[in-house]
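# Survey of secondary and tertiary structure
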Amino acid sequence: MAEADHKILSAEIKLGSQYYFYMETQTALAVPDEDNCIVVYSSIQAPEYAESTISRCLGIPEHNVCVITRRVGGGFGGKAMKAIPVATACALAAYNLRRPVRMYMNRKTDMKTTGGRHPMEVTYNVGFKEDGKITALHLDILINAGIGTDISPIIPLFMVGAIKKYDWGAFSFDIKVCRTNHSSKSAMRGPGEVQGTFISEAAIEHVASVLSMDVDSVRSKNLHTFNSLDFFY
């Protein structure tokens, strides 16, 4: 930052959440089978996670649980982890009643429970030269994870990977994943990468605005070289 001709200090970005709006809401059909087994048809993107959760919930081995995904009906990440509670509840009812059970959520319930993309509050400081070359970037990021863990702990990793697409010179960050009283947030279409890209482009455009330069010129000035790629990665 000391090498900079200009500095932007304590600039703020607020990123809201986003709902999936897949075609079909969460749904599952559980059918008890012989030899203490159960077959669950679920619109899940990750059937292996549902299999292990159902196994623990019913107290039976994983090889006694068969989870089948015939079609997802639109997912975008919303049926990776969030389909597990529906599939598990359906399996539990079928296992105890010893008869097939089908469950599905109406759209209102689905929207309340699924969570969506992670909202964030970002504060950034950026230093740059007169020609648009950025010399330093520091980020303070608060991620609203909601009430549960889900995939939230790995969101910072995806964000940093997306932010590092430019050569920022000296790059530092402080990212905190915050537990709140909101519904648990989950994976959604490039989780973390979308927010990281937005933050990067916002900083670039802010620098271009201050210098009254074409934004593509600033982008070009801060693209990686072989040496910077070796340093950043």
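Everything that follows concerns the structure shown earlier in this document.
Before going into details, it helps to say that this report is about the structure given with it. For every chain, the first residue of its written sequence is number 1, and the numbers climb from 1 along that sequence. Reporting of local features is limited, given that this is a predicted model, to residues whose pLDDT is at least 70; pairs of side-chain atoms are given and counted only at 80 or more, and all residues count toward the totals for whole chains, interfaces and linings. Neither water nor hydrogens contribute to the side-chain values; these are computed over all heavy atoms in the structure.

Between the N-to-C directions of two axes lies an angle of 0 to 180 degrees, each axis being a line fitted to C-alpha atoms and, for a helix, fitted only over the stretch in contact. Going along the chain from the N terminus, every DSSP run of H or I of four or more residues is numbered as a helix, and every run of E of two or more is numbered as a strand. For the pair helix 1 (residues 47–58) and helix 2 (residues 84–97), the least separation of the axes is 9 Å and the interaxial angle reads 40 degrees. As far as their axial angle goes, helix 2 and helix 1 are oblique. The crossing of helix 1 and helix 2 is right-handed. Facing Tyr49, Ala50, Thr53, Ile54, Cys57 and Leu58 of helix 1, the residues of helix 2 in contact are Ile84, Ala87, Thr88, Ala91, Leu92 and Tyr95. Charged means Asp, Glu, Lys or Arg here, nonpolar means Ala, Val, Leu, Ile, Met, Phe, Trp, Tyr, Cys or Pro, and polar covers whatever is left, Gly included. Taken together, the residues of the contact of helix 1 with helix 2 sort by class into 10 nonpolar, 2 polar and no charged. Any angle that is under 35 degrees is reported as roughly parallel, and any over 145 degrees as roughly antiparallel; angles of 65 to 115 degrees are reported as roughly perpendicular and all others as oblique. In this scheme, a crossing is called left-handed if the near helix is turned counterclockwise away from the far one by less than a right angle; it is called right-handed if the turn is clockwise. Whether two residues are in contact is decided by their heavy atoms: any pair within 4.5 Å suffices.

On to the sheet that holds strand 2 (residues 27–33). Spatially, 4 strands are ordered 4-3-2-5 in an open sheet, and the strand pairing comes out mixed. In the strand order of this sheet, the two ends are held by strand 4 (65–68) and strand 5 (101–104), each with one partner. For this sheet, the mean angle separating the axes of adjacent strands, direction not counted, is 15 degrees. Pairing between strands requires that DSSP locate at least two bridges from one strand to the other. One ladder, built from 4 bridges, connects strand 3 (residues 37–42) with strand 4; its direction is parallel. Across the sheet, the residue bridging to Ile38 is Val65, located in strand 4. Contacting strand 3 and strand 4, helix 1 runs over the sheet at an angle of about 145 degrees to strand 4. This element, helix 2, spans strand 2, strand 3 and strand 5 of the sheet and lies at about 30 degrees to strand 2.

Let us look at the packing of helix 4 (residues 155–163) against helix 5 (residues 193–211). Contact geometry for helix 4 and helix 5: axes closest at 7 Å, N-to-C directions at 40 degrees. When the axes of helix 4 and helix 5 are compared, the pair comes out oblique. In terms of crossing hand, the pair formed by helix 4 and helix 5 is right-handed. Between helix 4 and helix 5, the contacting residues are Phe158, Met159, Ala162 and Ile163 on the first element and Glu193, Gln195, Gly196, Thr197, Ile199 and Ser200 on the second. Per-class residue counts for the contact of helix 4 with helix 5 are 5 nonpolar, 4 polar and 1 charged.

The biggest cluster of nonpolar side chains holds 32 residues, and the ones touching the most others in it are Tyr124, Leu139, Ile141 and Trp168. At the level of secondary structure, the elements contributing two or more residues to this core comprise strand 1 (6–15), strand 6 (120–128), strand 7 (134–146), helix 4, strand 8 (170–179) and helix 5. The element best represented in this core is helix 5, accounting for 6 residues. For Tyr124, the contacting residues outside a window of four places in its chain are Ile8, Leu9, Ser10, Ala11, Ile13, Leu137, His138, Leu139, Ala202, Ala203 and His206. By convention a nonpolar core is built from buried Ala, Val, Leu, Ile, Met, Phe, Trp, Tyr and Cys residues, the set being connected through side-chain atoms within 4.5 Å. For every residue, the accessible area (1.4 Å probe, protein chains only) is compared with the maximum for its type, and the residue is labelled buried under 20%, exposed over 50%, or partly exposed between those bounds. Core analysis: the next-biggest nonpolar cluster, separate from the first, contains 21 residues, Ala50, Ile54, Val67 and Met105 among them.

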